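Fold and geometry: a report
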Amino acid sequence: RLACMAPSAKNGQPWRVTVLQGARLEAFRAAVVAAFESGKTGSFGASAGSLRSMRGGRSLQKAFAPAMEAAGVSPAELIRRSIVFFDAPAVALVSLDEADLPRGLVDAGLFVSHLCLAAQGLGLDSCIAGYVRIVEGAVSDFLNWGKGRRLILGVALGYGAGEPIDGFKSPREPFDETVEWEE
């Protein structure tokens, strides 16, 4: 409920959120893994080089490599684990109607930010997972969304499992390189 207090343009609140838990979440995981393993994926970039294709991906991959190695996780396995949300007990899938694209993306981002901060305030861990978009067709079919509704991303919610990869914190650009002050 706290996340729904996120601001949005003209208070439009265009995001739609589907929260999965329990048996429904396990069935969802089976469906998206089956789609991934059978090659029924979209063009979001489900390749071993995917991390390198993101803005700043090379530095992220370099920073993330030790955590992945310590956990024994290959880039392909990271993608597979990401689409099942690292076995978290709850998943929030954030979507928009196509009519709200692209303007609703900022609003959806604000919602996700508020969701993660609210979870942290309640003592929960969260992990934003965009790779689930590569199996958007399977997600849409599983949830009976029909045409016109687009998956934006998902958020894993729960408690970290204490694996080395759980402690990874992505590097941030220096403050002065991302913020300009003018007087």
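A short tour of the structure in this document, coming up. Keep in mind that what you see is a predicted model, and the values were worked out from it rather than measured.

**Concerning the nonpolar core**
- Judged by nonpolar contacts, the single largest core of 26 residues is most densely connected at Phe28, Val32, Ile83, Phe85, Leu93, Val135 and Val139.
- Breaking this core down by element, the ones donating at least two residues are α1 (22-37), α4 (75-83), β2 (90-97), α6 (136-143) and β4 (149-158).
- Ranked by the residues each element gives to this core, the list is headed by α1, at six residues.
- Not counting chain neighbours up to four residues away, the residues in contact with Val135 comprise Val32, Ala35, Phe36, Lys40, Thr41 and Ile83.
- Grouped together as the second largest cluster of nonpolar side chains are 17 residues, Ala92, Val94, Val112 and Leu153 included.

**Regarding the packing of aromatic side chains**
- Summed over all chains, the structure comprises three aromatic pairs.
- An aromatic cluster is built from Phe28, Phe85 and Phe142, whose rings are joined through pairwise contacts.

Procedures and definitions
- Residues numbered from 1 in each chain as written.
- Predicted model: local features only at pLDDT ≥ 70, side-chain atom pairs only at ≥ 80, totals over all residues.
- Heavy atoms only, no water.
- Core = buried A, V, L, I, M, F, W, Y, C linked by side-chain atoms within 4.5 Å.
- Buried < 20%, exposed > 50% of the residue type's maximum accessible area, 1.4 Å probe, protein only.
- Helix = DSSP H or I, 4+ residues; strand = E, 2+ residues; numbered from the N terminus.
- Contact = heavy atoms within 4.5 Å.
- Phe/Tyr/Trp six-rings, centres within 6.5 Å; stacked < 30°, edge-to-face > 60°.

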